[in-house]
Amino acid sequence: MNPLVEQLVYVCDMFGTAVFALSGVLVAGRLRMDGFGVMVLAAVTAIGGGTIRDMILGATPVFWVRDPLYIWVVIATAFVGMWAVRLPRRIPWYVLPVADAFGLALFTVIGAQKALAFGTSGLIAVLMGTMTGVAGGVIRDVLAREVPMVLQKEIYATACILGGILYTLSLQAGLDRVAAMLICMVAVFTLRVAAIYWHLSLPTFSLERQHQD
Amino acid sequence: MNPLVEQLVYVCDMFGTAVFALSGVLVAGRLRMDGFGVMVLAAVTAIGGGTIRDMILGATPVFWVRDPLYIWVVIATAFVGMWAVRLPRRIPWYVLPVADAFGLALFTVIGAQKALAFGTSGLIAVLMGTMTGVAGGVIRDVLAREVPMVLQKEIYATACILGGILYTLSLQAGLDRVAAMLICMVAVFTLRVAAIYWHLSLPTFSLERQHQD
Amino acid sequence: MNPLVEQLVYVCDMFGTAVFALSGVLVAGRLRMDGFGVMVLAAVTAIGGGTIRDMILGATPVFWVRDPLYIWVVIATAFVGMWAVRLPRRIPWYVLPVADAFGLALFTVIGAQKALAFGTSGLIAVLMGTMTGVAGGVIRDVLAREVPMVLQKEIYATACILGGILYTLSLQAGLDRVAAMLICMVAVFTLRVAAIYWHLSLPTFSLERQHQD
């Protein structure tokens, strides 16, 4: 890959890390956690998915041990986040979900790429991309004692799965890596933003067949 | 091991994976999860225990990255399961628990075997067998926000522990691997089915000593 | 390191393992778990933090697979603990928290030391020390379906962080390893005992700004 593109991906990766960390800060704030709890929730949300991916692939030490900048970004975001929520709110509500959709798109493609670099099949690459995107949020919700949101509604993980499939298919069709990345990211981002805008969600599956309350 | 036996074990392993995945599907159905949530609960139940085992042993990439057929079995089971629960129920209630007991027996022996192949002591092999059998169900229950059933009642993990001990003792006594496997599996399966049939469970341990309600 | 010091650290490590296991036994008792559940909660509390640390660093097989004495200590503690709680209570309330503070101090320094031995930066060593000290308790609380105590109040993880920072700074300042260990352990232990004695805790962070109930 072009070194300039690589640097751009790296910068975006840090931006995605910060956005995901912020979503952990907000959950911690709802639970009246202390400063350490805020850090932990910010960290698991931002780097939890990639950590599990690396442990499953055997890519150890995991990415943030090799490059501690991820941890500094999480720490900085937690401090800024704790300070910023005390301000009168001025940012429009859709800024955070849209930034999150961008982070999700990037994390998906990075996860799928890392799996393929380890020689996995396309199916596993799609799985690893999805895991990189959503597993951090699942751990965050478990620590916050909630049934993970991503398992219950909204097109969130589905966007990752589709993006991952498009990415591996594009590579198999002979496209170059940057084009495949863009296709994947545009797909995840667009689908996710559309889901937010039109409140799309997957049908839920239930054992009772008669009534839904 | 005889290649025919090895193939038989492989086929049984896939059957056990499907049965465990189905138990994840049923829990997801109680919680009104969407299709992705059903997949996740099916997957963690079926392959979660083996994944943790492989990460602890350092057997990475973990088994299902090397052989994605496990993932295909989980996906197929999730789809069939979601469709099948809509049918009027015709299968007797004991079919699933008995199939589950078979899966538990097989997973225990596979886990213990893999640990021994990594040169661990007998104690660790028993632990790894038990973990392969029960850890997936524990993660499933944590995601479903329940205190893991296996920690509270019924002879479930206990069957794995006894089976694992019998397996390592049989090998140390000089029995060949197939005989040791059969002894272990028969023990786990019988004990588990007996526990279901007679509602056996371990005494629970409580800090209060006077009354039990 | 002096072999005598090394042996002393090993003995203390086993003592810390037992104390942490006992705290798992007590939580299991509140939840009326069976004998297996008690074992699991004792084990995750005592060895969970170190296990995650080793998986993240790639130090696999993890420490207790290499040295199963840790598991024997957990099993023995679980049995002794289940028997001891039935006795009329004679030990003063502060014995357990103080023993726990000692275990926390030791686990922190052992975790930081192992990370540095793997060539990580100081930041990651502080993180790994803290994780070794607190992650086991977090998993215990998740299994017990509680929001992890350590995320909500009291100076617990904070003591680990400060201890880890002192340890890495001492080493960078050229102190020998035993001196750095002692400084770290005294700091963690003192801060933790002071927090227990004066009921110190970090301010909690909340999204609501007006009232606190």
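It should be emphasised that the depicted structure is a prediction, and the values quoted were computed from it without experimental measurement. Every residue gets a number counted from 1 within its own chain, in the order that chain's sequence is written. Here the convention is simple: chains get letters from A, ligands get numbers from 1, in the order in which they are written. Predicted model: local features are reported for residues with pLDDT of at least 70 only, side-chain atom pairs are reported and counted for 80 or more only, and whole-chain, interface and lining totals are derived from all residues. Hydrogens are left out, water is left out, and the side-chain values use all remaining heavy atoms of the structure.

Engineer: I tried to follow the overall build of chain A on my own but got confused; where do I start?
Structural biologist: Runs of H or I in DSSP of at least four residues are treated as helices and runs of E of at least two as strands, each being numbered from the N terminus. A tally of helices and strands in chain A yields nine helices and zero strands. Helices and strands in chain A line up, N terminus first, as α-α-α-α-α-α-α-α-α. The C-alpha atoms of chain A give 17 Å as radius of gyration, which agrees with the globular expectation for 213 residues (17 Å, within 12%). Projected onto its principal axes, the C-alpha coordinates of chain A cover approximately 50 × 50 × 35 Å. C-alpha atoms define the radius of gyration, and 2.2 Å times the number of residues to the power 0.38 defines the globule rule.

Engineer: Honestly, helix α1 (residues 3–30) of chain A in this entry has me stumped. Any pointers?
Structural biologist: Owing to its 3.6 residues per turn, the α-helix brings residues three or four apart onto one side. For α1 of chain A, with 28 residues, the first-to-last C-alpha span of 41 Å sits near the 40 Å given by 1.5 Å per residue. Structurally, the start of α1 of chain A carries an N-cap: the backbone nitrogen of Leu-4 of chain A is 2.8 Å from a side-chain oxygen of Asn-2 of chain A. Each helix should span, by expectation, one fewer than its residue count multiplied by 1.5 Å. Any pair of nitrogen or oxygen atoms within 3.5 Å is treated as a polar contact; in protein, a donor-acceptor pairing is required on top of that, and neighbouring residues in sequence qualify only through side-chain atoms on both sides.

Engineer: Help me understand the state of the cysteines in this model?
Structural biologist: Each disulfide consists of one covalent bond between the sulfur atoms belonging to two cysteines. Residue and element names in this part refer to chain A. Two cysteine sulfur atoms form a disulfide, by the criterion used here, when they sit within 2.5 Å. For the coordinates displayed, the defined rule picks out zero disulfides over all chains. Cysteine Cys-12 remains unbridged, with the sulfur of Cys-184 as its closest cysteine sulfur at 13 Å. Relative accessible area decides the class of each residue, using a 1.4 Å probe on protein chains only: under 20% of the type maximum gives buried, over 50% gives exposed, and in between gives partly exposed. For Cys-12, a relative accessible area of 18% translates into the label buried. Cys-184 takes part in no disulfide bond, and the closest cysteine sulfur to it belongs to Cys-160, at a distance of 8.4 Å. Taking the relative accessible area as the measure of exposure, Cys-184 reaches 1% and is therefore buried.

Engineer: Looking at this model, I keep getting lost on the relation of the copies chain B and chain A. Mind explaining?
Structural biologist: Related by rotation about an axis and a shift along that axis, the two copies of the chain form a pair. Least squares is the method used to superpose the copies, on C-alpha atoms of residues holding a pLDDT of at least 70 in both. When chain B is fitted to chain A, the best match, at an RMSD of 0.0 Å, comes from turning it 120° and sliding it 0.0 Å along the axis. Both chain copies can therefore be described as sitting about a three-fold axis. Contacts are assigned to residue pairs with any non-hydrogen atoms lying within 4.5 Å of each other. The two copies present different faces, since only 8% of the interface residues in chain B are matched by interface residues at the equivalent positions in chain A.

Engineer: Help me understand the UniProt feature "transmembrane region" (unreviewed entry) in chain A, please; the structure alone is not making it clear to me.
Structural biologist: Residue and element names in this part refer to chain A. UniProt positions are given in the numbering used here, feature names are shortened, and annotations may be inferred rather than shown by experiment. Taken from the UniProt record, the annotation "transmembrane region" (unreviewed entry) applies to residues 7–29, 36–57, 69–87, 94–116, 122–143, 155–173 and 179–200. Counted over residues 69–87, helix gives 84% and strand 0%. Its end C-alpha atoms are 27 Å apart. Spanning residues 122–143, this segment combines 100% helix with 0% strand, and its end C-alpha atoms are found 31 Å apart.

Engineer: Looking at this structure, how should I read the interface of chain B and chain A?
Structural biologist: Put simply, an interface is often sized by how much accessible area is lost when its parts join up. At the interface, 36 residues of chain B touch 37 residues of chain A. At the boundary of chain B with chain A, total buried surface from both sides reaches about 2900 Å², with 69% on carbon and sulfur atoms. Together, Arg-32, Asp-34 and Phe-36 of chain B form the three largest contributors to the area buried by chain B at its contact with chain A, with a combined 26%. Take a side-chain nitrogen of Lys or Arg and a carboxyl oxygen of Asp or Glu: if they are within 4 Å of each other, that pair is a salt bridge. Across the chain B-chain A interface, the total number found is zero salt bridges. The interface formed by chain B and chain A contains one residue pair in polar contact (both at pLDDT 80 or more). Of all elements in the fold, only α1 (3–30), α2 (35–57), α3 (63–66), α4 (69–84) and α6 (122–143) of chain B reach the threshold of two or more residues within the side of chain B that touches chain A. For the side of chain B that touches chain A, the element with the highest residue contribution is α2 of chain B, accounting for eight residues. Under the scheme applied, nonpolar residues are Ala, Val, Leu, Ile, Met, Phe, Trp, Tyr, Cys and Pro; charged residues are Asp, Glu, Lys and Arg; polar residues are all the others, including Gly. For the side of chain B that touches chain A, the per-class residue count stands at 25 nonpolar, five polar and six charged. Simply put, the buried area is the total loss of 1.4 Å probe accessible area from both parts when two parts are fitted together.

Engineer: I tried to follow helix α6 (residues 122–143) of chain A on my own but got confused; where do I start?
Structural biologist: Residue and element names in this part refer to chain A. Given a rise of 1.5 Å per residue, 22 residues ought to cover 32 Å, and the 31 Å separating the end C-alpha atoms of α6 matches this to within 8%. The angle separating two fitted axes, one through the seven residues that finish at a residue and one through the seven that start at it, defines the bend at that residue. Where α6 bends most, at Val-134, the angle is about 40°. Immediately beyond the C-terminal end of α6, within one or two residues, lies Arg-145, with a positive phi of roughly 60°.

Engineer: Help me understand the pattern of salt bridges, please; the structure alone is not making it clear to me.
Structural biologist: Note on pairing: side chains with opposite charge can pair once their charged atoms come close. All names here are of chain A. Applying the stated criterion across every chain, the model contains 12 salt bridges over all chains. Two residues, Arg-53 and Asp-54, come together in a salt bridge whose shortest N-O distance is 3.0 Å. Residue Arg-140 is joined to Asp-141 by a salt bridge in which the shortest nitrogen-to-oxygen separation is 3.0 Å. Of the two residues examined, Arg-140 and Asp-141, each falls in the buried class. Three or more residues are tied together by salt bridges with common partners; here these are Arg-53, Asp-54 and Lys-114.

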